[in-house]
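Structural overview for review
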Amino acid sequence: MTRKKKRLTLIAAAMVVLGTAAGLVLYALRDNIVFFYGPSEIVAKDLPPGTHVRIGGLVKQGSLKRDAQTARFEVTDGKHEIAVTYGGALPDLFREGQGVVAEGVLSAAGLEATQVLAKHDERYMPKEVVDALKKSGRWQENADVGGVAQ
Amino acid sequence: MIVETGHFALILALALACFNAVVPLWGVATRDSRLMGTAPSIALAGFGFVALSYAALTYAHITSDFSLLNVYENSASAKPLIYKITGVWGNHEGSMLLWVLILAVFAAAVALSARAMPQDLHAAVLAVQSWISAAFLLFILLTSDPFARIANPPIEGQDLNPLLQDPGLAIHPPLLYLGYVGLSITFAFAAGALICGRIDAVWARLVRPWTLIAWVFLTLGIAMGSYWAYYTLGWGGFWFWDPVENASLMPWLAATALLHSAAVMEKRDALKVWTIFLAILAFSLSLIGTFIVRSGVLTSVHSFANDPQRGEFILAILVFFIGGALLLFALRANTLKPGGFFAPISREGALVLNNLVLTTCCATVFVGTLYPLALESFTGEKISVGAPFFNATVVPLFLPLVLLMPIGQNLSWKRGDFFGAAQRLYFALLCGLAMLLVLASWHHNGPLTSILVSGLGVYVIVGAFAEIANRLFGRVALVKGGLAQVWQHAVGVPLSTYGTALAHAGIGVSLLGLAATGWGAEKILTMKPGDSANVGPYQLTLTRIGTAMGPNYTAKIGHVVIREGAREIGALDPAVRFYPTRQMSRAEAGIKTLNFGQIYVGVSDGVKPGTVDARIYWKPLVAFIWIGGLIMGFGGLVSLSDRRLRIGVAHRVRKLAAAPQAAE
């Protein structure tokens, strides 16, 4: 096989692998990405039920209700609230008044969450929550309102 | 005083690094061997000062010197001694100091391995290494000073993040750093080779041990990190496709590709340009990983508290090194002579395919990790690209690679015979199929993918050893010479061949562990004392809920008894610990290992008083996932101990230099 033929084989192999990869990426990006919104954006956008989203904000004080199987709480950015129901175990750091990110499917009643993430420690707040709070104008540096730390 | 000494030592180390970044290169340019000769001793001195500085910070942590901001924010006097030591790298400033310390350790190791290397390459490698050291020392001194004082020292510290108070943390970040930073050596070798115009089989032979060292640490670091996340985050998962995890996966993929392409370059003098490019890419990805972790541009469960100034600084470092290296590459790569000749179906051909797939996987992970960032900065839309994306892209790319792995191993160099190689794998294929059939008939309720992946795993494990088995038992050795002959053959097989087989088998072992997750079971429920739950073949009973006091926490403990049938086989004490200083709690999962499977119980405070919320998992063969990683790392070590790969094989390398094509 000549050098030129060898090079062509290599290029063909590379095209096949890269083409497959590009196809997979495009397919996965279309079906497997999730948009993130704050509660105010959810209300403003009026998204149809069935949309897969992530929402972030603070767990509203006094809103947490739990029974054996499900937890219900509201996520707020100070302007609007979104009701969330969640069937799994809540993370250890889940507290009222603290930052949380919930992922799931929107329904008429709110968000049916499939995953709930709480912040890591008191110095760490999900970046998305900080941005959502800043957007709604409820962000305060070092504030203790709602347990928001920097 | 000790603290000031540490600070001063760090400044001196910076001065030395600046000196070493310039003078040896000047020596290379003017062919002045005295100027080139300064590099090793300066690198050793630099290591001494960084080590002193690190020791000073450790001393401050051990003695709870709260006049240091870093100690005050991350330590407390009641904290156990081991976490005072590991806590040094449990925060941003300290971990960057550890980063630089490891960089200095590697520089010192290169400095000491001079005998085997041409002097100009040696000097250039150390100079490039010094550029990196200087950049990171500057970063620490300007944005992340670990020695900053507090004017009015408080009497008690804020304690270390409880999540980090764990033995897993004692080893996993240093291992990862050894991997990340080890890649800086291969980067320095690539840049050095471009500067000196010296890129040949000798270079490949010199660089391969360093790549292997970095790869072994990176592999072990990733495996340990995965296990740490598994048992401390309390979710029972082992890989979350989190940006921080991807940050370590990307350099690993590139380093794995580099390891394989350097083998081609060493044996056949081919793929030179590509190998150099990979060496640059692997370390660039380490830097990008550092940027992702340190800058907080991406949301991650692992990120530290962040300061935008730091992110910008690291971005500048990143642009400087990646851009500089690529510029050097563009200017010099065309001077390389094309090397050895090979047919598409050959060991080289298989390794090229391996490289293609690994780098494509790497690119896919890169896109998935950074796409959200790009989209947000251009459109303001926030998205998350999670596990489904990576599962849908990386898995389909990876599985064919694994399937072809044993075949590639059995192809000969230069011109191979595909069907011949496939023939040698009859036995491996049979084993894989047997596994499929057994599982399909026995566990017909299990998910199909688990059964298929189990078969693949067995095929990969057996196939990894096919080449060695053929050498040992081929050509009726056993009939003619008996076991003595086999033993003789076994000793004759190079250690690096055993290493390769082990590393590949490790992938098979991990695959078995992954496949077995499909037969696992999980339950999430609220329990009060006396309640029982069945999971897999076991029955778990919560006997009582107790409390306990730790040195710096209080704990609520669920005592759980495990029964298999009527027999009691063990007990677990999963707990939820509360750390008052930080006002936070953390789960301490109860894990019982049974024949490589694990019963995993995590508890958190129940809604009603006197209850706990329990997460109970039965995970058959789950330990295989990490044992596979350990076997891979061990395979790397075995390869590394091969006489021919040892760092500093002076005379052999010189002989090779005379006849680069004569590699066996």
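Residues numbered from 1 in each chain as written. Chains lettered and ligands numbered in written order. Predicted model: local features only at pLDDT ≥ 70, side-chain atom pairs only at ≥ 80, totals over all residues. Heavy atoms only, no water.

As named in an unreviewed UniProt entry, chain B is Cytochrome c-type biogenesis protein CcmF, taken from Methylovirgula ligni. Recorded in UniProt under Subcellular location (unreviewed entry), the annotation for chain B is "Cell inner membrane". The record in UniProt for chain B states the following under Function (unreviewed entry): "Required for the biogenesis of c-type cytochromes. Possible subunit of a heme lyase." (UniProt positions renumbered as here; feature names shortened; annotations may be inferred.)

Identification of chain A as Cytochrome c-type biogenesis protein CcmE from Methylovirgula ligni is taken from an unreviewed UniProt entry. Turning to chain A, the UniProt record has this under Sequence similarities (unreviewed entry): "Belongs to the CcmE/CycJ family."

All names here are of chain B. One non-glycine residue, tryptophan 241, adopts positive backbone phi at about 55 degrees. As for its placement among the helices and strands, tryptophan 241 is situated in the loop between helix H8 (201-232) and helix H9 (243-268). Residue asparagine 595 is not a glycine yet carries a positive backbone phi of 50 degrees. Tracing the sequence through the fold places asparagine 595 in the loop between strand S9 (590-594) and strand S10 (597-605). You can call asparagine 595 exposed: its relative accessible area is 72%. (Helix = DSSP H or I, 4+ residues; strand = E, 2+ residues; numbered from the N terminus. Buried < 20%, exposed > 50% of the residue type's maximum accessible area, 1.4 Å probe, protein only.)

Residues and elements named next belong to chain B. Spatial strand order, S2-S11-S10-S9: four strands in an open sheet with antiparallel pairing. Two strands in the sheet have a free side with no partner beyond their single neighbour: strand S2 (521-527) and S9. On average, each strand axis in the sheet is tilted by 15 degrees relative to the strand beside it, whichever way the strands run. The sheet strands contacting H8 are S9, S10 and strand S11 (612-619), and the helix crosses S10 at an angle near 45 degrees. (Pairing = 2+ DSSP bridges. Axes fitted to C-alpha atoms, helices over the stretch in contact; angles between N-to-C directions. Contact = heavy atoms within 4.5 Å.)

A cluster of nonpolar side chains, contributed by Ile345, Leu353, Leu403, Leu404, Phe418 and Phe419 of chain B, occupies part of the molecular surface with about 540 Å² of accessible area. With respect to the helices and strands, phenylalanine 418 of chain B occurs in helix H14 (residues 418-424). (Patch = residues over 30% accessible without salt bridge, like charges linked within 9 Å, V, L, I, M, F, W, Y side chains within 5 Å. Areas by Shrake-Rupley, 256 points an atom, 1.4 Å probe, with all protein chains shown as cover. Salt bridge = Lys/Arg side-chain N within 4 Å of Asp/Glu carboxyl O.)

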